[in-house]
Amino acid sequence: RQPRPPVIADIHDNIRSGQNMKSYQIVHAGLYEDALCFVDRNHQWNALDDAGLPEFLVGADYIMPFNDDKFVRNLELTVQLDRPAHLYVFLDNNMRVPDWLRKDFVDTGVDIGLDGATTEWHPANSLAVGAGKSIDFVFSVWRREIKQPGTIKLGGVESPVIRSEGFSMYGIAAVAAE
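Residues numbered from 1 in each chain as written. Predicted model: local features only at pLDDT ≥ 70, side-chain atom pairs only at ≥ 80, totals over all residues. Heavy atoms only, no water.

**Considering the sheet that holds strand 6 (residues 76–81)**
Part 1: What the three strands build is an open sheet, ordered 1-6-10; its pairing is antiparallel. The open sheet is flanked by strand 1 (8–13) and strand 10 (150–155), the only strands paired with a single partner. In this sheet, neighbouring strand axes are inclined to one another by 20° on average, regardless of whether the strands run parallel or antiparallel.
Part 2: By the bridge criterion, six bridges tie strand 6 to strand 10 in an arrangement that is antiparallel. The residue of strand 10 that forms the bridge with E76 is G155. (Pairing = 2+ DSSP bridges. Helix = DSSP H or I, 4+ residues; strand = E, 2+ residues; numbered from the N terminus. Axes fitted to C-alpha atoms, helices over the stretch in contact; angles between N-to-C directions.)

Rendered as structure tokens:
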């Protein structure tokens, strides 16, 4: 079985300089149950129930952003795709839908979960292993069809609907278009 070529080639933001040691991470073919969500938290992506992650997302390339970038309203991410793709954004259901997402993406009607690690803001959270275990937040899966290789711009997020319930930065994944 041949390894799949990468779909996501690169990611840049407009807030960190090239000298910064911290960066977003691209995980090639790495979206599975219990995959880490962010570079600055130990939260994990999971299915909402024991049926598992949606088949169209399993094994996708994905990006681990900074969860703290949820506070950067003027954030601009530049994602470089090496081939035609289905580009996905996972938006926390407690977040207002930003204009850039509503304009360029379609809500698939599919949701996935975030299993939140223990943090100072959520001391009662703990991680579990497996699909549908310990889901703390629900995310809507949005899709955009990318017909040609190139760069795609993504923006910042809006304020949460209910701030006291917590909220997270969006996730990003891509699968080669067949």
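**Let's talk about the layout of surface pockets**
Part 1: Taken as a whole, the largest pocket spans an internal volume of roughly 230 Å³.
Part 2: Forming the walls of the largest pocket are 14 residues, and the residues nearest its centre are K70, W121, H122, G166 and F167.
Part 3: Residue classes in the lining of the largest pocket are distributed as four nonpolar, six polar and four charged. (1 Å grid on protein atoms, 1.4 Å probe; cavity = no way out; pocket = protein on both sides within 12 Å on 5 of 7 lines; lining within 4 Å. Points joined across faces, edges and corners; volume = space filled by probe spheres on them. Nonpolar A, V, L, I, M, F, W, Y, C, P; charged D, E, K, R; others polar.)

**A word on unusual backbone geometry**
Part 1: Located in the positive-phi region is A29, a residue other than glycine, with phi close to 50°.
Part 2: Mapped onto the elements, A29 comes out in the loop between strand 2 (25–27) and strand 3 (35–36).
Part 3: Positioned with a positive phi, D34 is a non-glycine residue whose angle comes to about 70°.
Part 4: Counting through the fold element by element, D34 comes out in the loop between strand 2 and strand 3.

**Here we look at the nonpolar core**
Nonpolar side chains tend toward joint burial in soluble globular proteins.
Part 1: Formed by 50 residues in total, the largest nonpolar core has its most connected members in L31, W45, L77, L81, F90, L154 and Y170.
Part 2: Ignoring any residue separated from it by four or fewer positions in sequence, one finds L77 in contact with I11, H12, D13, Y24, I152, K153, L154, M169, Y170 and I172. (Core = buried A, V, L, I, M, F, W, Y, C linked by side-chain atoms within 4.5 Å. Buried < 20%, exposed > 50% of the residue type's maximum accessible area, 1.4 Å probe, protein only. Contact = heavy atoms within 4.5 Å.)

**Things to note about the pairing of strand 9 (residues 137–146)**
Part 1: Bridging between strand 7 (residues 85–92) and strand 9 involves eight bridges; their strand directions are antiparallel. Across the sheet, the residue bridging to L87 is R144, located in strand 9.
Part 2: Summarising the sheet, strand 8 (residues 106–115) and strand 9 pair through six bridges and their orientation is antiparallel. Note that in strand 9 the partner of D111 across the bridge is S140.

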